[in-house]
Structures are given as C-alpha cells and as structure tokens.
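Fold and contact review
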Amino acid sequence: MWHNGATGSASVFAGAVPQGWIVVHRLSGQSATTDRLALDMLRRFVDAPSQ
C-alpha cells in the first residue's frame, strides 16, 4: 500500500509492506521524482533478503 501527495514545491510518499515503511519527503522538486525515488527504494526493500 502507498499514498503520496504534494503542495507547493514539497512532496511526500509513504509506502507500507509487511517488512515496514518507506517514507520519502522532499522540500523541492517535482512530485513525480519523489514517487520514482520512493518506489525504487520500496522495491529494493521488498527484494532485500530477510535477516
């Protein structure tokens, strides 16, 4: 599950998976870039071997 949002030049993305959360908050730049960065991190997090 995930949710994103933006206002002015700030944007945020929060994603939840069974292993935990990924939250990316940027104070400048386009929201599409925030989403792309966060989804890349979320995929790495899900694909990482469990410890």
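Please read these numbers as outputs of a predicted model, since none were measured by experiment.

1. Thoughts on the environment of A16
With respect to the helices and strands, A16 occurs in strand β2 (residues 10–17). Each C-alpha atom, one on A16 and one on M1, is 5.3 Å from the other, the two residues being 15 residues apart in sequence. Every residue in contact with A16, bar those within four places of it in the chain, is listed here: M1 and W21.

2. A closer look at the side chain of T34
With respect to the secondary-structure elements, T34 resides in helix α1 (residues 31–47). Relative accessible area serves as the criterion here: at 0%, T34 is assigned to the buried category. With near-sequence residues (within four places) excluded, T34 lies in contact with S11, V12, F13, V24 and R26.

3. Structural notes on the nonpolar core
A general trend in soluble globular proteins is that nonpolar side chains are found buried together. Formed by F13, I22, V24, A38 and L42, the largest nonpolar core amounts to five residues. Mapped onto this core, the elements with two or more residues apiece are β3 (20–26) and α1. Apart from residues lying up to four places away in sequence, A38 is in contact with F13, I22 and V24.

Quick notes on the rules
- Residues numbered from 1 in each chain as written.
- Predicted model: local features only at pLDDT ≥ 70, side-chain atom pairs only at ≥ 80, totals over all residues.
- Heavy atoms only, no water.
- Helix = DSSP H or I, 4+ residues; strand = E, 2+ residues; numbered from the N terminus.
- Contact = heavy atoms within 4.5 Å.
- Buried < 20%, exposed > 50% of the residue type's maximum accessible area, 1.4 Å probe, protein only.
- Core = buried A, V, L, I, M, F, W, Y, C linked by side-chain atoms within 4.5 Å.

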